[in-house]
Amino acid sequence: MTLGRSFTSWVVLVALVLLGGCGGDDGAAGDAGADGGPGPAWALAIHGGAGAPDRSLPVAEQQAYLASLERALRVGQEILERGGPSLDAVEAVIRDLEDDPLFNAGRGAVFNRDGAVELDASIMDGATLGCGAVAAVGTVKNPISLARLVYERTEHVLLVGDGAERFADSMAVERAGPEWFFTEPRWQDLLRTRSREGGGTVGAVALDRLGNLAAGTSTGGRTGKLAGRVGDSPIVGAGTYADNTTCAVSGTGVGEEFIRRAAAYSVSAWMRHRGLSVEDAVRRVVLEELQPGDGGMIAVDRTGRIAMVYNTPGMFRGAADANGRLEVHIWE
Ligand code: ASP
């Protein structure tokens, strides 16, 4: 009798332990599909800055931003759908947005106090924790690709200014003169010494069919910034982070605040150390650690679950996945 009760208790205990263990893993996977099933085979989220104005933005401008976001999403979708690497998708999406004058990266970068552009970008491979970044470059057409070359062709993580430009020379990276980077709206912003409410920093996070995560971010920084100022976008752990065991993250907003809080790494840390879902981890950082008005973040976890959270009036953003999701938004 006693033996029977102990045996029963033991069976119940083992069952509870097993259920508890599975619950943790299944909880993460279950987040991916609304039905609790497996998540999408690939997933992609992008942002075009958290400086979106209120809904008074003229409809024609709204449509232009949404069309640009959708075009960039489709660039990444094409790569991920055919089984390409998340790192390639992130780079290609960001290159596309860097060439679009609507966004504050590459061609549409804002001017610093001296009337020059200084571009920052970073990219991270969640499979290896390998990463590369460039800061304060003024002649590189697509800084995200130079950042990737820093990762793949040097033993360093971050190159800045003149040294980064000389590295670009050695890699025969495409360059552009001041005329490429001159856009009238950004010039007017500088004259008014404030950022126009409109498209901002660009970023992308992706999960590929092999289960690898990648993240990247590219920006012109803040209008009227001091020459030499570097924001969060090229700082791994602040504006960008990717780790296959947790998530891939890209942020946008007041870079100094993201740096102070190691914001992108913090999302990964909440998931790793406290078991938060990607949605809860991003909400924690954006809504509780950062201050209202600071910005927003996008993230994707290894199950394809996407989180896009901001504490500004809006954030230009989009999401796509292997289950047919394809959506772009500015506000809700
Ligand atoms: N985070 C960028 C920076 O501070 C700017 C932005 O995202 O709007 O350089």
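Since we're looking at a predicted model, the values are computed, not measured.

> Help me understand the sheet that holds strand S2 (residues 119-125) in this model?
Strand pairing within a sheet occurs via backbone hydrogen bonds; the two strands may be parallel or antiparallel. With mixed pairing, the eight strands of this open sheet are ordered in space as S4-S3-S2-S6-S5-S1-S11-S12. Of all strands in the sheet, those bounded by a partner on one side alone are strand S4 (158-160) and strand S12 (326-329). For this sheet, the mean inter-axis angle between neighbouring strands, taken without regard to orientation, is 5°. Note: strand S1 (residues 43-47) against strand S5 (residues 202-207), five bridges, orientation antiparallel. Paired with leucine 44 across the two strands is alanine 206, which belongs to S5. Helix H4 (residues 143-153) contacts S2, strand S3 (130-137), S4 and strand S6 (213-219) of the sheet and is inclined by roughly 135° relative to S3.

> When you look at the pattern of salt bridges in this model, what are you seeing that I'm missing?
Side chains bearing opposite charge may pair, as long as their charged atoms lie close to each other. Scanning the model with the defined rule gives 21 salt bridges in all. A salt bridge links aspartate 96 to arginine 71, with the shortest nitrogen-to-oxygen separation between them at 2.8 Å. With aspartate 96 in helix H3 (residues 86-98) and arginine 71 in helix H2 (residues 59-81), this pair connects stretches of sequence that are 25 residues apart. Residue classification places aspartate 96 among the buried residues on the basis of a relative accessible area of 17%. Residue arginine 209 is joined to glutamate 81 by a salt bridge in which the shortest nitrogen-to-oxygen separation is 3.1 Å.

> I'm lost on the packing of aromatic side chains in this one. Help?
A ring pair, where both rings are aromatic, is described by two values, the distance of the centres and the angle of the planes. With the rule as written, the count across this model stands at seven aromatic pairs. Plain terms: the ring middles of phenylalanine 103 and phenylalanine 316 are 6.4 Å apart, the flat faces sit at 85° to each other, and that makes the pair edge-to-face. Here phenylalanine 103, found in the loop between H3 and S2, pairs with phenylalanine 316, found in the loop between strand S10 (306-310) and strand S11 (317-321); they are 213 residues apart in sequence, far enough to count as distant. Across the pair, exposure class does not vary: phenylalanine 103 and phenylalanine 316 are buried alike. Centre to centre, the rings of tyrosine 241 and tyrosine 265 are 5.1 Å apart; their planes meet at 85°, and the pair counts as edge-to-face. On the criterion of sequence distance, the pair formed by tyrosine 241 in strand S7 (residues 240-242) and tyrosine 265 in helix H9 (residues 263-274) is long-range, its members being 24 residues apart. Among the residues examined, tyrosine 241 registers a relative accessible area of 11% and is labelled buried. Following the ring pairs from residue to residue traces out a cluster consisting of Tyr65, Phe103 and Phe316. Between arginine 107 and the ring centre of tryptophan 180, over which it is positioned, the NZ or CZ distance is 4.3 Å. Over the ring of tryptophan 270 we find arginine 284, and its NZ or CZ is 4.2 Å from the ring centre.

> Would you explain the nonpolar core in this entry?
It is characteristic of soluble globular proteins that their nonpolar side chains tend to be buried jointly. Core analysis: the largest hydrophobic core is formed by 50 residues, its most contacted members being Leu44, Ile46 and Leu146. For this core, the secondary structure elements donating two or more residues are S1, H2, H3, S2, S3, H4, helix H5 (161-170) and S5. The residues touching isoleucine 46, leaving out its near neighbours within four places in the chain, are Leu69, Ala72, Leu73, Val93, Gly203, Ala204, Ile298, Phe316, Arg317 and Gly318. Grouped together as the second largest cluster of nonpolar side chains are 37 residues, Phe258, Ala264, Ile298 and Ala307 included.

> Would you mind showing me how to read the confidence of the model for the protein here?
Close inspection of predicted coordinates is inappropriate in any region flagged by low pLDDT. Residues at a pLDDT of 70 or more form 87% of the protein, whose mean pLDDT is 89. Of all helices and strands in the protein, the one with the weakest mean pLDDT is helix H1 (residues 2-32) (34), whereas S7 scores best (99). With pLDDT under 50 throughout, residues 1-35 is counted as low confidence; its partners more than four residues away or in other chains account for eleven contacts.

> It is not clear to me how the sheet that holds strand S8 (residues 247-253) should be interpreted in this structure. Could you clarify?
Ordered in space as S7-S8-S9-S10, the four strands form an open sheet in which the pairing is antiparallel. Looking along the sheet, the strands with just one partner apiece sit at the ends: S7 and S10. Sheet twist, expressed as the mean angle between neighbouring strand axes with direction ignored, is 10°. Against the sheet, H9 touches S7, S8 and strand S9 (295-301), its axis set at about 145° to S8. Strands S8, S9 and S10 of the sheet are contacted by helix H10 (residues 278-289), whose axis makes an angle of about 15° with S10.

Reading guide: rules and limits
Residues numbered from 1 in each chain as written. Predicted model: local features only at pLDDT ≥ 70, side-chain atom pairs only at ≥ 80, totals over all residues. Heavy atoms only, no water. Pairing = 2+ DSSP bridges. Helix = DSSP H or I, 4+ residues; strand = E, 2+ residues; numbered from the N terminus. Axes fitted to C-alpha atoms, helices over the stretch in contact; angles between N-to-C directions. Contact = heavy atoms within 4.5 Å. Salt bridge = Lys/Arg side-chain N within 4 Å of Asp/Glu carboxyl O. Buried < 20%, exposed > 50% of the residue type's maximum accessible area, 1.4 Å probe, protein only. Phe/Tyr/Trp six-rings, centres within 6.5 Å; stacked < 30°, edge-to-face > 60°. Lys NZ or Arg CZ within 6 Å of the ring centre and 35° of its normal. Core = buried A, V, L, I, M, F, W, Y, C linked by side-chain atoms within 4.5 Å. pLDDT = per-residue confidence, 0-100.

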